[in-house]
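A look at the structure
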Amino acid sequence: MAGTSFLRRVSLYGFRGSLSSPKSNSVDNQPSETLPVTPETQTVLLLRGARQPYELTEDYPVPGLRDDREVLVRAQAIGLNPIDWKAPDFNFAIPELPYISGRELAGEIVKVGQSSRLKAGDRILVISTDYRDLRKAAYQQYVVALDYNTVRLPPTLSPEEGSTLGVAFVAAALSLGVCMGLDFSSVLDGPNLYTLLRQLPPDSIATDIREECLDNIQADERAQPGDWLAIWGGSSTSANLTLQLARLAGLRTIATADKAKHGLRLSNHKTLRPDLLVDSHDPARAVEIIRANAKGQLRFGIDTRGRESAGWLMQALGKEGEKNGNTPLAPQPAQPAAHLIGLTGLPKQVAPEGVQYHTVPIKLFHEVPAVGQALVEWLERLLEQGLVTPPDIIDVEQGLGSVNRGLDRMRRGEISGGKLVVRVD
Ligand SMILES: NC(=O)c1ccc[n+]([C@@H]2O[C@H](COP(=O)([O-])OP(=O)(O)OC[C@H]3O[C@@H](n4cnc5c(N)ncnc54)[C@H](OP(=O)(O)O)[C@@H]3O)[C@@H](O)[C@H]2O)c1
């Protein structure tokens, strides 16, 4: 692949720091630690328009650092995410064209800014939630990352494994910690995001997520150890990390999934095994089973599939004898509200009384350094101690040029219950 061509272009003087991408990446003149030889140009995948394949493009400038908390990473493995094919297919989340996509990777740091907690040579994973900054996208050989969006990998994990879990970890931690108010401090001194957010100046949180972050759950409604959490779409990677974190923090978990496909794997799994696994084939029956087992105590639901299944999950919430659905039969107003989090959509209908809808304030991770840093440092400890394990790898494709093929496999629904990874070098 294009690797040979970029190797020929390696600068004898190392990273020159004056490169800018065609979209005005600013001059990189920060002093830095050891400078391994970094080329001036690289191979990237460019999206030139909606509903088009990504185009393998050589001689694209290596992005420069703009901030002393940024690092430059040589990508080794990329984890593919559903958004990577959904965005071009449905023409959303593409802020400019040509566009570079890709939300997570693992690799090696080749350059650090002045105040980074990381150093050149560190083996890391990068969680690139900032999809508006093309320098940070994963579908390129060299990627810029904020040090508070970067996690050191323990020696036990390969780059492929490291590339599988970042986005799902952030989605899980924010769903549980922000939307549900779950305190992680009992788990390797994890973050108490509910408190942390309320200690920040409110205007440090973007206006479009401020209500979600500060107002959508009251102190007396926060999830506590022993509470039930139901996850609809239990086979997904985000469900995987949510189950692991919820279990570590002491929640009782229910997962719905296609038991024929995922039953054995989920019910026998060491770190993500739910307390109750429910077959999703007949959703009305699944709701009945959840309600019968949680005995009206289910106040928290996370849906990973879409609007329709979020609607089913809503019906499972609430007190015994009540069903949230077409009629507003939620917990009484005096009871703590139930909370429904939609990763991919929420029910069409307005939330019935006693139910609060949530969306995941994902950009907190890159926009609020205190949140990003708390999460990445915690994930480093969790991985180091083996308390969180990466999702299964379904397959590894070779080279950036294979990304389109990988995304086609995802479009066809062939990647289920684990991750598809692309080895870059
Ligand atoms: N809001 C946020 O911040 C946020 C963050 C992360 C993810 N998300 C969204 O959450 C959803 C789950 O993400 P994920 O990364 O956890 O998913 P994932 O691991 O890639 O897959 C989820 C499950 O969907 C099913 N599936 C696979 N391909 C499919 C296809 N082409 N059509 C329909 N179903 C398919 C499979 O389950 P079965 O084989 O069991 O059917 C698979 O296990 C996605 O929509 C993603 O965009 C949102």
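First, a word on scope: everything that follows refers to the structure included in this document. (Residues numbered from 1 in each chain as written. Predicted model: local features only at pLDDT ≥ 70, side-chain atom pairs only at ≥ 80, totals over all residues. Heavy atoms only, no water.)

From N to C terminus, the protein includes 13 helices and 15 strands. Considering only residue pairs separated by 6 or more positions, the protein has 72% of its internal contacts joining residues 24 or more positions apart. (Helix = DSSP H or I, 4+ residues; strand = E, 2+ residues; numbered from the N terminus. Contact = heavy atoms within 4.5 Å.)

For the rest of this paragraph, the subject is empty space enclosed by the protein. Take a probe with the size of a water molecule and roll it over the atoms, and the empty space left behind shows itself. A full pass over the atoms with the stated rule returns two cavities of 30 Å³ or more. The space that makes up the largest cavity amounts to roughly 40 Å³. Lining the largest cavity we find Val126, Ile127, Ser128, Thr129, Asp130, Lys136, Val144, Ala145, Leu146 and Asn149. Counting only elements with at least two residues in the lining of the largest cavity, the list comes to strand S5 (123-127) and strand S6 (142-146). No other element matches S6, which puts three residues into the lining of the largest cavity. Its residues assigned to classes, the lining of the largest cavity comprises five nonpolar, three polar and two charged. What the second largest cavity holds in volume is close to 30 Å³. Residues belonging to the lining of the second largest cavity are distributed by class as follows: one nonpolar, six polar and two charged. Inspection of the lining of the second largest cavity shows a minimum of three residues originating in each of domain 1 (3-164 + 390-423) and domain 2 (168-358). (1 Å grid on protein atoms, 1.4 Å probe; cavity = no way out; pocket = protein on both sides within 12 Å on 5 of 7 lines; lining within 4 Å. Points joined across faces, edges and corners; volume = space filled by probe spheres on them. Nonpolar A, V, L, I, M, F, W, Y, C, P; charged D, E, K, R; others polar. Domains from an automatic or database assignment.)

Contacts to the ligand come from 22 residues, most closely from Thr237, Ser238, Lys261, Thr344 and Ser416. Take Arg305: an N or O atom from its side chain is 2.9 Å from an oxygen atom of the ligand. Thr344 is positioned such that a nitrogen or oxygen atom in its side chain is 2.8 Å from an oxygen atom of the ligand. Looking at the shell around the ligand, the elements with two or more residues in it are helix H2 (82-90), helix H4 (166-179), helix H7 (237-248), helix H8 (259-268) and helix H13 (403-411). It is H2 that provides the largest number of residues to the shell around the ligand, a total of three residues. Broken down by class, the residue content of the shell around the ligand amounts to eight nonpolar, ten polar and four charged. Shared between two domains, the shell around the ligand takes at least three residues from each, and those domains are domain 1 (3-164 + 390-423) and domain 2 (168-358). (Near = heavy atom within 4 Å. Polar contact = N/O pair within 3.5 Å; in protein donor to acceptor, adjacent residues only side chain to side chain.)

Right, let's talk about the sheet that holds strand S11 (residues 298-303) for a bit. The sheet built from six strands is open, its strands ordered S10-S9-S8-S11-S12-S13 with parallel pairing. The outermost strands of the open sheet, each flanked by one partner alone, are strand S10 (276-279) and strand S13 (355-358). When strand polarity is set aside, the average angle formed by the axes of neighbouring strands in this sheet is 20°. In this sheet, strand S9 (residues 252-257) lies alongside strand S8 (residues 228-232) in parallel orientation, the contact comprising five bridges. Of the residues in S9, the one forming a bridge with Ile231 is Ala255. On top of the sheet, H7 reaches S8, S9 and S11; it is set at about 170° to S8, its chief contact. In the packing of H8 onto the sheet, the strands contacted are S9 and S10, and the crossing angle to S10 comes to about 175°. (Pairing = 2+ DSSP bridges. Axes fitted to C-alpha atoms, helices over the stretch in contact; angles between N-to-C directions.)

The subject of this paragraph is the pattern of salt bridges. Considering all chains together, one arrives at 24 salt bridges under this definition. A salt bridge links Asp133 to Arg135; the shortest N-O distance between them is 2.8 Å. Arg135 shares its class with Asp133; the two are buried. A salt bridge links Glu288 to Arg285, with the nearest nitrogen and oxygen atoms 3.5 Å apart. Of this pair, Glu288 and Arg285 both sit in helix H9 (residues 283-294), separated by three residues, roughly a single helical turn. (Salt bridge = Lys/Arg side-chain N within 4 Å of Asp/Glu carboxyl O. Buried < 20%, exposed > 50% of the residue type's maximum accessible area, 1.4 Å probe, protein only.)

In this structure, Phe169, Leu176, Leu245 and Leu364 are the most contacted members of the largest nonpolar core, which totals 61 residues. If one sorts the elements of this core by residue count, H4 sits on top with ten residues. The residues touching Leu176, leaving out its near neighbours within four places in the chain, are Gly181, Leu182, Phe184, Leu229, Thr242, Leu245, Ala246, Leu251 and Ile302. If you look at the next biggest cluster of nonpolar residues, it comprises 36 residues, including Val71, Trp85, Ala145 and Leu420. (Core = buried A, V, L, I, M, F, W, Y, C linked by side-chain atoms within 4.5 Å.)

A few words on the packing of aromatic side chains. One pass over the structure, following the stated rule, counts three aromatic pairs. A centroid spacing of 5.3 Å and a plane angle of 85° characterise the contact between Tyr54 and Tyr139, whose relative ring orientation is edge-to-face. You can see Tyr54 sitting in the loop between strand S1 (41-46) and strand S2 (55-61) and its partner Tyr139 sitting in the loop between S5 and S6, a full 85 residues away along the chain. In this pair, the class of Tyr54 matches that of Tyr139, namely buried. Judged by centre distance (5.9 Å) and plane angle (55°), the rings of Phe169 and Trp378 are tilted. Note that Phe169 is positioned in helix H4 and Trp378 in helix H12 (residues 369-384), a separation of 209 residues in sequence. Neither residue differs from the other here; Phe169 and Trp378 are each classed as buried. Grouped by ring-pair contacts, the aromatic residues Phe169, Phe184 and Trp378 constitute a single cluster. Above the ring of Tyr194, the side-chain terminus of Arg198 is found at 3.6 Å from the ring centroid. (Phe/Tyr/Trp six-rings, centres within 6.5 Å; stacked < 30°, edge-to-face > 60°. Lys NZ or Arg CZ within 6 Å of the ring centre and 35° of its normal.)

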